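Notes for the structure review
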Amino acid sequence: MEPPSLDHAALLPELQAVRRAGLLRLRGRALPALEAAAAATAPARTREGAVEALLRRAVERLDAGTLRTAAEYTLGLAQGTRDWPASSRRARAAEVYRVSEERFRKHHEVMVLGQVAEHIVELVESGGEPDEGGWEGDTHRTVDVLVAGRTVRLTLHIHSVDLLRDVDVVVSPANTYFALSEPYKSSVSASLRRAASVRGVTGELLDDPVHDELRAWAARQGTSGRPVLPGTVAPTGSGAMAECGVRRIYHAAVAVPRAGTNDYDVLPADITRATSRVLALLAEERDRHTPPLRSVCFPLLGSGRGGLPYRVSAAAVWSAIEAELARGACWDVHFVVRTPEEARAVERIPARTRPGRARSAPGRCV
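Residues numbered from 1 in each chain as written. Predicted model: local features only at pLDDT ≥ 70, side-chain atom pairs only at ≥ 80, totals over all residues. Heavy atoms only, no water.

Comments concerning the overall build of the chain
Check the secondary structure of the chain and you find 11 helices and 11 strands. When burial is assessed residue by residue, the chain has 51% of its 366 residues classed as buried. For the chain, the share of sequence-separated contacts (at least 6 apart) that also reach a separation of at least 24 residues comes to 65%. As presented, the chain carries roughly 16,400 Å² of accessible surface, and 51% of it is formed by carbon and sulfur atoms. (Helix = DSSP H or I, 4+ residues; strand = E, 2+ residues; numbered from the N terminus. Buried < 20%, exposed > 50% of the residue type's maximum accessible area, 1.4 Å probe, protein only. Contact = heavy atoms within 4.5 Å. Areas by Shrake-Rupley, 256 points an atom, 1.4 Å probe, with all protein chains shown as cover.)

So, the nonpolar core
Ranked by internal contacts, the top residues of the largest apolar core, which has 41 residues, are Phe-298, Ile-321 and Phe-335. Setting aside anything within four residues of it in sequence, one finds Phe-298 in contact with Val-171, Thr-275, Val-278, Leu-279, Val-317, Ile-321, Val-333, His-334, Phe-335 and Val-336. One finds Leu-6, Ala-37, Leu-75 and Ile-120 within the second-largest nonpolar core, a separate group that totals 40 residues. (Core = buried A, V, L, I, M, F, W, Y, C linked by side-chain atoms within 4.5 Å.)

Observations regarding the confidence of the model for the chain
Of the residues in the chain, 88% reach a pLDDT of 70 or more, and the chain-wide mean stands at 85. Counting contacts from residues 350–364, a segment whose pLDDT is below 50, to residues more than four positions away or on other chains yields 45 contacts. (pLDDT = per-residue confidence, 0-100.)

A short note on helix α1 (residues 8–21)
The first and last C-alpha atoms of α1 sit 20 Å apart over 14 residues, in line with the 20 Å expected at 1.5 Å per residue. Of all the residues in α1, the buried ones are Leu-11, Leu-12, Glu-14, Leu-15, Gln-16, Val-18, Arg-19 and Ala-21. Where the residues of α1 are buried, they touch α2 (32–41), α3 (47–60), α4 (66–75), α5 (86–97) and α6 (101–125). (Expected span 1.5 Å × (residues − 1).)

A short note on the side chain of Asp-332
Mapping Asp-332 onto the fold places it in strand β10 (residues 332–337). Residue Asp-332 is classed as buried on the basis of its relative accessible area, which comes to 11%. Within polar-contact distance, the side chain of Asp-332 engages the side chain of His-334 at 2.9 Å. (Polar contact = N/O pair within 3.5 Å; in protein donor to acceptor, adjacent residues only side chain to side chain.)

Some points on the environment of Tyr-73
Tracing the backbone shows Tyr-73 in helix α4. Here the alpha-carbon distance between Tyr-73 and Ser-88, two residues 15 residues apart in the chain, equals 9.0 Å.

A few points about the packing of aromatic side chains
Applying the stated criterion across every chain, the model contains three aromatic pairs. Each ring, one from Tyr-97 and one from Phe-104, has its centre 6.3 Å from the other, and the planes form 35°; the classification is tilted. The same class applies to Tyr-97 as to Phe-104, namely buried. Seen in terms of ring centroids, Phe-178 and Trp-217 are 5.3 Å apart; in terms of plane orientation they differ by 80°. Their pairing is edge-to-face. Taken together, the residues span a long stretch of sequence, with Phe-178 in the loop between β3 (169–175) and α7 (188–196) and Trp-217 in helix α8 (residues 209–221) at a distance of 39 residues. For the pair formed by Phe-178 and Trp-217, the shared burial category is buried. (Phe/Tyr/Trp six-rings, centres within 6.5 Å; stacked < 30°, edge-to-face > 60°.)

Thoughts on the packing of α3 against α6
The N-to-C vectors of α3 and α6 enclose an angle of 105°; their axes lie 8 Å apart at closest approach. What the angle tells us is that α3 and α6 run roughly perpendicular. For the pair α3 and α6, the contacting residues are Leu-54, Leu-55, Arg-57, Ala-58 and Val-59 in the first and Val-116, His-119, Ile-120 and Leu-123 in the second. Here the residues of the contact of α3 with α6 are counted per class, giving seven nonpolar, one polar and one charged. (Axes fitted to C-alpha atoms, helices over the stretch in contact; angles between N-to-C directions. Parallel < 35°, antiparallel > 145°, perpendicular 65-115°, else oblique. Nonpolar A, V, L, I, M, F, W, Y, C, P; charged D, E, K, R; others polar.)

Some words on the environment of Leu-267
If you trace the backbone, Leu-267 turns up in the loop between β8 (264–265) and α9 (268–285). What makes Leu-267 exposed here is its relative accessible area of 52%.

Side note on the packing of helix α10 (residues 310–326) against helix α11 (residues 340–347)
One way to put it is that α10 packs onto α11 with a least axis distance of 9 Å and a crossing angle of 40°. Considering the angle they form, α10 stands oblique to α11. Once α10 is placed against α11, the crossing between them reads as right-handed. Here Tyr-310, Arg-311 and Ala-314 of α10 come into contact with α11, specifically with Glu-341, Glu-342, Ala-345 and Val-346. (Left-handed = near helix turned anticlockwise from the far one by under 90°.)

A few points about the pairing of β3
Summarising burial for β3: six of the seven residues are buried, a large majority. Where β3 lies against strand β7 (residues 248–257), seven bridges are found, and the strand directions are parallel. In the strand pairing of β7, Ser-172 is matched with His-251. Where β3 and strand β9 (residues 295–298) come together, two bridges link them in parallel fashion. Bridge pairing in β9 links Val-169 to Val-296. (Pairing = 2+ DSSP bridges.)

Considering the pairing of strand β2 (residues 150–158)
For β2, the tally of buried residues reaches eight of nine residues, placing the bulk of the element in the interior. Where strand β1 (residues 140–147) and β2 come together, eight bridges link them in antiparallel fashion. Residue Val-143 lies in a different strand from β2, and its bridge partner there is Leu-154. Bridge count between β2 and β10: four bridges; the pairing is parallel. Paired with Ile-158 across the two strands is Val-337, which belongs to β10.

Here is the structure:
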């Protein structure tokens with residue numbers, strides 16, 4: 001079947017319609033261009049589900065940062081915004097660019113949706129990127145790893161960290177001051193802070209528990225306002241993410257702010273040290289919870305603003321995990337990434353692996 005002939009001009013009005021209606025109100029709306037693009041790039045599924053999957057794939061192709069974050073809010077793809085009215089989503093997107101809602105409507109919104117339209121066209125023209133490492137339409141995969149003569153199954157997620165479900169502990173990268181990213185940003189720590197917060201029906205912030213707990217932890221340790229050693233890990237609760245089965249967030253201080261700049265220095269050795277501390281803390285807290293803590297999920301620490309190559313970050317995290325597993329630990333280990341390139345870095349961790357799609361009991365020692 002030949003790909004449909006689609007262009008920016010045909011897609012932009014329909015993206016505007018999705019913005020106004022929201023993802024929960026697409027049923028019965030005429031979206032012929034988006035439906036044709038979804039049919040050409042996504043596996044068979046419901047009409048609305050196919051359109052949403054297409055939008056998510058297009059938005060994930062945007063540059064990480066203000067552009068992608070604003071697109072997620074504009075279209076209701078950000079965690080917890082599916083049922084927000086269009087005005088609330090626009091207001092939050094305007095905050096990302098630090099402009100008024102009116103200026104965002106006239107300038108930034110057109111640019112954001114235009115970029116989404118362009119990536120939809122590219123997806124259609126490439127046939128849905130079937131050669132992208134086998135990850136097309138796939139958000140979960142298992143990797144069987146041989147460690148000390150036994151096989152351990154890792155679970156690999158390729159989606160935003162705030163979409164994790166039923167993982168006991170999520171690791172969040174932090175700087176050595178444990179100063180959290182602002183919730184409107186696109187980093188892992190910002191996404192977790194946003195997902196853990198409690199908001200009203202129009203998006204107003206009611207509670208920011210992760211921020212408050214992290215400040216309280218620093219006060220108890222006597223480190224308020226001064227840096228900790230790289231590799232330090234601070235535990236907090238998960239706020240609203242508890243409803244999704246996430247019970248703890250471990251904040252790993254791996255980024256050292258560079259004086260006089262907005263940049264950070266990250267060393268692989270500090271990532272390995274932080275990963276070891278995460279697993280030690282998991283063992284300490286395991287039996288304090290019912291049921292006991294068992295699963296933990298790592299992003300590729302230091303590969304964002306820290307600038308480490310994906311393969312370097314993956315190797316630094318894995319070296320600590322492998323050492324722990326070699327001593328007989330049987331944790332349910334997950335990785336969460338945003339792009340196929342990051343996913344391939346995890347699949348190529350320095351061990352004998354047999355990648356496959358997630359099926360039963362991922363992450364268990366088998």
